[in-house]
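Secondary and tertiary structure notes
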Protein chains: 2
Amino acid sequence: MTAAARSLTDGIALPTYADVETAAKRIAGVAHRTPALTSRTANERTGANLVFKAENLQRMGAFKFRGAFNAISALSPDQKRAGVVTFSSGNHAQAIALSGKLIGVPTVILMPQDAPAAKVAATRGYGAEVVLFDRYSQDRDALGRELAQSRGLTLIPPYDHPDVIAGQGTATRELIEEAGPLDMLLVPLGGGGLISGALLAAKALNPGCKVYGVEPEAGNDGQQSLRKGEIVRIDVPKTIADGAQTAFLGNYTFPIIRDLVEDIVTVPDAALIAAMRFFAERMKLVVEPTGCLAAAAAFTGAVPVEGKRVGVIISGGNVDLASFARFVGEGA
Amino acid sequence: MTAAARSLTDGIALPTYADVETAAKRIAGVAHRTPALTSRTANERTGANLVFKAENLQRMGAFKFRGAFNAISALSPDQKRAGVVTFSSGNHAQAIALSGKLIGVPTVILMPQDAPAAKVAATRGYGAEVVLFDRYSQDRDALGRELAQSRGLTLIPPYDHPDVIAGQGTATRELIEEAGPLDMLLVPLGGGGLISGALLAAKALNPGCKVYGVEPEAGNDGQQSLRKGEIVRIDVPKTIADGAQTAFLGNYTFPIIRDLVEDIVTVPDAALIAAMRFFAERMKLVVEPTGCLAAAAAFTGAVPVEGKRVGVIISGGNVDLASFARFVGEGA
């Protein structure tokens with residue numbers, strides 16, 4: 001039995017576009033309505049008509065705020081009083097911490113002991129309680145469940161959660177509202193939260209739009225899962241796209257992707273650096289490596305975009321300045 | 001007799017807000033309507049409510065496109081056929097070149113022989129004819145006038161021109177339309193084109209809004225001119241704010257500034273670098289040093305913004321990647 005079939009057998013209720021609409025109401029006036037940007041140079045380079053959804057300009061620097069804020073907003077008053085817990089060393093940690101602060105919900109974040117001090121400090125800066133663990137000897141999922149149970153917290157995982165998925169879908173909803181119908185939509189793919197939401201929104205608002213997931217070449221578990229028809233687990237991949245270093249899709253995200261995605265393609269890290277330089281030089285945007293995945297697929301031809309009207313989601317901009325300077329300064 | 005009095009005696013007709021409205025119609029659908037962005041961190045840091053107008057996301061990376069496109073659009077059919085000439089090694093050169101290409105008007109750009117090869121190439125890339133001159137032995141103003149006369153071209157200088165000023169005013173018009181009434185507006189100040197347009201728009205739409213010009217400390221000719229009541233000329237200042245290395249205000253820009261500005265303040269280059277790092281790290285924006293002037297005035301307290309609702313114009317993002325990486329990578 002495949003993981004997806006099991007998940008459906010287990011009676012998981014997948015989110016729908018109605019949940020995306022509910023999420024849009026919850027985040028209105030709190031999340032930034034990020035701009036849809038265009039670039040003549042990008043169009044000339046690809047022969048396509050590209051519209052970039054700049055989620056690097058979202059609060060805390062990534063789309064993750066949408067899902068986190070929606071998921072915490074959806075809790076009951078009792079759950080809110082007790083607080084939430086999550087595990088993440090990346091953007092979801094800060095998204096939960098900030099959302100908790102805004103809504104007035106206590107947050108506990110499990111972070112690996114070797115997470116960058118700046119990220120731990122930033123997460124604490126939002127008022128979260130950070131619990132460090134040893135990622136080589138401890139299982140963060142089990143730890144999260146234990147903490148949730150012992151302290152009565154609600155666990156909000158980074159992507160495999162219906163309200164997280166619904167929240168992420170609001171980015172695509174806004175993009176299609178602003179840009180009009182698209183032929184294609186290219187979406188960075190890690191655990192699948194962003195693209196699952198994108199699929200729900202695109203298929204409801206713009207059924208003809210073909211949605212592609214883009215993974216780093218080194219971490220193509222999503223592509224393998226799609227080909228095989230079941231969730232494939234890989235070792236944590238070596239890639240600069242740290243937001244897509246996920247080893248497997250989720251029980252909610254996999255069936256949505258399997259049923260609705262056009263295809264999943266990959267791009268090498270060198271293409272991410274080239275896209276990062278393009279964004280900085282031509283579009284004046286700081287984009288993190290993971291945020292460059294979709295654009296890199298258009299620039300490299302991994303998805304054939306010529307002659308098409310194409311949405312491209314820039315998922316985030318959280319890269320430390322020293323790394324960013326190294327990436328864009330090389331050979332400049 | 002002061003320069004300003006002379007300019008008025010000479011019968012110069014200053015642009016008005018009606019010209020800004022005409023410009024807005026001309027650029028509609030061609031210039032980007034750039035986003036107005038906010039940052040919780042910037043608000044916490046200043047105690048103000050800041051709204052950033054992101055003209056670094058404008059076409060060719062700076063507000064200059066607005067004025068250049070408006071000025072070329074305003075020409076008669078005969079003038080358009082003959083073409084235009086300008087002198088600039090900076091953003092105005094590319095703005096004229098791109099606008100000429102879009103409207104179908106031949107453009108000639110006078111650039112110093114020692115201008116960065118990349119800028120010369122970019123300007124030629126837009127289809128402009130680049131004429132190089134020796135800035136140590138040749139007078140670019142005289143050269144421009146000569147070229148204009150001998151070849152029947154219309155000279156469109158970088159700032160001292162009513163249609164250029166009116167075009168730049170559309171940035172402030174959009175900002176106030178989107179953000180609503182402001183207590184203050186902070187504007188980078190070089191030759192005064194951007195702030196003159198800002199003053200026309202602000203005083204018409206939001207008369208209570210106090211408008212401040214911000215210059216680099218090393219190049220405070222505008223501040224000196226305001227204090228003295230006449231145009232003061234200085235040597236080309238040493239500052240990383242290359243867009244504000246102007247040595248004097250213009251005959252159009254000075255009287256508008258003199259009559260309508262609240263004050264002109266200065267900030268040191270170190271504050272520009274700090275603002276550049278802030279924009280990259282927290283707002284995910286690439287901003288050139290000149291584009292950081294207004295924000296630096298808010299961050300350093302050069303203008304007391306606490307408790308106020310303040311518009312901050314980010315004028316552009318055209319900084320080469322190697323320099324940018326050096327600025328933001330230092331100490332990161």
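Here is a short report on the structure shown in this document. (Residues numbered from 1 in each chain as written. Chains lettered and ligands numbered in written order. Predicted model: local features only at pLDDT ≥ 70, side-chain atom pairs only at ≥ 80, totals over all residues. Heavy atoms only, no water.)

Of regular secondary structure, chain A possesses 15 helices and 10 strands. Counting only C-alpha atoms, chain A reaches 55 × 45 × 40 Å along its principal axes. Relative to its full complement of 332 residues, chain A shows a buried share of 60%. Sequence-distant contacts, at least 24 apart, represent 74% of the contacts inside chain A between residues at least 6 apart. With the model as given, the accessible surface of chain A reaches about 12300 Å², and the carbon-plus-sulfur share is 48%. One way to put it: in chain A the 33 positive side-chain charges average out to a point 4 Å from where the 33 negative ones average out. (Helix = DSSP H or I, 4+ residues; strand = E, 2+ residues; numbered from the N terminus. Buried < 20%, exposed > 50% of the residue type's maximum accessible area, 1.4 Å probe, protein only. Contact = heavy atoms within 4.5 Å. Areas by Shrake-Rupley, 256 points an atom, 1.4 Å probe, with all protein chains shown as cover. Lys, Arg positive; Asp, Glu negative; His and termini not counted. Charge placed at Lys NZ, Arg CZ, Asp CG, Glu CD.)

The next point concerns the interface of chain B and chain A. Taken together, the contact between chain B and chain A spans 30 residues of the former and 30 residues of the latter. For the chain B and chain A pair, buried surface summed over both sides reaches about 2200 Å², with 65% attributable to carbon and sulfur atoms. Of all residues in chain B, B:R40, B:K284 and B:L321 give up the largest surface area on contact with chain A, accounting jointly for 33% of the area buried on that side. The interface formed by chain B and chain A holds zero salt bridges in total. Across the chain B-chain A interface, the total number found is six residue pairs in polar contact (both at pLDDT 80 or more). Contributions of two or more residues to the side of chain B that touches chain A are made by α3 (40-46), α6 (91-103), α13 (269-282) and α15 (321-329) of chain B. In terms of residue count, α15(B) provides more of the side of chain B that touches chain A than any other element does, six residues in total. For the side of chain B that touches chain A, the residue count by class is 15 nonpolar, seven polar and eight charged. (Buried area = accessible area lost by both parts, 1.4 Å probe. Salt bridge = Lys/Arg side-chain N within 4 Å of Asp/Glu carboxyl O. Polar contact = N/O pair within 3.5 Å; in protein donor to acceptor, adjacent residues only side chain to side chain. Nonpolar A, V, L, I, M, F, W, Y, C, P; charged D, E, K, R; others polar.)

In this section: the nonpolar core. Core analysis: the largest hydrophobic core is formed by 88 residues, its most contacted members being A:L186, A:F279, A:L285, B:L186, B:F279 and B:L285. If we ignore the near neighbours within four places in the chain, the residues touching B:L186 are B:Y212, B:A294, B:A297, B:A298, B:V303, B:V305, B:V310, B:G311, B:V312 and B:I313. Counting residues in each nonpolar core, the second largest holds 32 residues, with B:V187, B:A201, B:Y252 and B:F254 among its members. (Core = buried A, V, L, I, M, F, W, Y, C linked by side-chain atoms within 4.5 Å.)

Another aspect to go through is the relation of the copies chain B and chain A. Take chain B, turn it by 180°, move it 0.0 Å along the axis, and it overlays chain A with an RMSD of 0.0 Å. What we have between these two chains is a two-fold relation. Here 100% of the contact residues of chain B are again contact residues in chain A; the copies associate through an equivalent surface. (Least-squares fit on C-alpha atoms with pLDDT ≥ 70 in both.)

Residues and elements named next belong to chain A. The full count for this structure, using the stated rule, is nine aromatic pairs over all chains. Ring centres of F278 and F279 lie 6.2 Å apart, and the angle between their planes is 70°; on these two criteria the pair is classed as edge-to-face. With a relative accessible area of 0%, F279 lands in the buried category. Aromatic ring contacts, followed pair by pair, group F52, F278, F279 and F299 into a single cluster. The ring of F248 carries the charged tip of R233 above its face, separated from the ring centre by 3.9 Å. (Phe/Tyr/Trp six-rings, centres within 6.5 Å; stacked < 30°, edge-to-face > 60°. Lys NZ or Arg CZ within 6 Å of the ring centre and 35° of its normal.)

Residues and elements named next belong to chain A. Taken in spatial order, the four strands line up as β5-β4-β3-β6 in an open sheet, and their pairing is parallel. For this open sheet the edge positions go to β5 (129-133) and β6 (154-155), each flanked by a neighbour on one side alone. In terms of strand pairing, strand β3 (residues 84-87) meets β6 through two bridges, oriented parallel. Its bridge partner being in β6, V84 is matched across the sheet by T154. Relative to the sheet, helix α6 (residues 91-103) contacts β3 and β4 (107-112), its axis offset from that of β4 by approximately 165°. Its contacts with the sheet put helix α8 (residues 140-151) on β3, β4, β5 and β6, and the angle it makes with β4 is roughly 155°. (Pairing = 2+ DSSP bridges. Axes fitted to C-alpha atoms, helices over the stretch in contact; angles between N-to-C directions.)

Residue and element names in this part refer to chain B. The complete set of buried residues in helix α2 (residues 17-27) reads Y17, V20, A23, A24 and I27. Down the axis of α2, the sector holding all buried residues measures 105°, keeping them to one side. On its buried face, α2 sits against α4 (64-73), α9 (162-179) and α10 (193-205). Looking one or two residues beyond α2, the residue adopting positive phi is G29, at roughly 80°. (Arc of directions from axis to C-beta.)

Turning to the pairing of strand β5 (residues 129-133) of chain B, a few remarks are in order. Two faces, one strand: in a regular strand the side chains alternate between the faces of the sheet. All names here are of chain B. Relative to β5, strand β4 (residues 107-112) runs parallel, the two being bridged by five bridges. In the sheet register, I109 faces β5, and the bridge partner there is V130. You can see the chain leave β4, run along helix α7 (residues 117-125) and come back into β5, and the turn it takes is right-handed. (Right-handed = clockwise from strand over helix to strand, strands pointing away.)

We now examine the pattern of salt bridges. All names here are of chain A. The final tally for this structure, using the stated rule, is 26 salt bridges over all chains. Note that E21 and R173 form a salt bridge whose closest N and O atoms lie 3.8 Å from each other. Of this pair, E21 sits in helix α2 (residues 17-27) while R173 sits in helix α9 (residues 162-179); the two residues are 152 residues apart in sequence, bridging distant segments of the chain. Under the relative-accessibility criterion, E21 is labelled partly exposed at 33%. Classification of R173 as buried rests on a relative accessible area of 18%. The salt bridge involving R173 is made with E177; its shortest N-O contact spans 3.4 Å. Placement of the pair is R173 and E177 together in helix α9, with a separation of four residues, close to one helical turn.

To continue, consider the side chain of A:T253. Tracing the chain through its elements places A:T253 in helix α12 (residues 253-260). With residues up to four places along the chain from it excluded, the contact list for A:T253 reads A:Y159, A:D160, A:I165, A:G191, A:G192, A:G193 and A:S196.

Before going further, it helps to examine the sheet that holds strand β6 (residues 154-155) of chain B. Adjacent strands of a sheet pair through backbone hydrogen bonds, lying either parallel or antiparallel. Residues and elements named next belong to chain B. Read across the sheet, four strands follow the order β5-β4-β3-β6 without closing on themselves; strand pairing throughout is parallel. The outermost strands of the open sheet, each flanked by one partner alone, are β5 and β6. Across the sheet, α6 lies against β3 (84-87) and β4, angled at about 165° from β4, the strand it touches most.

None of this, on its own, says anything about what the molecule does.
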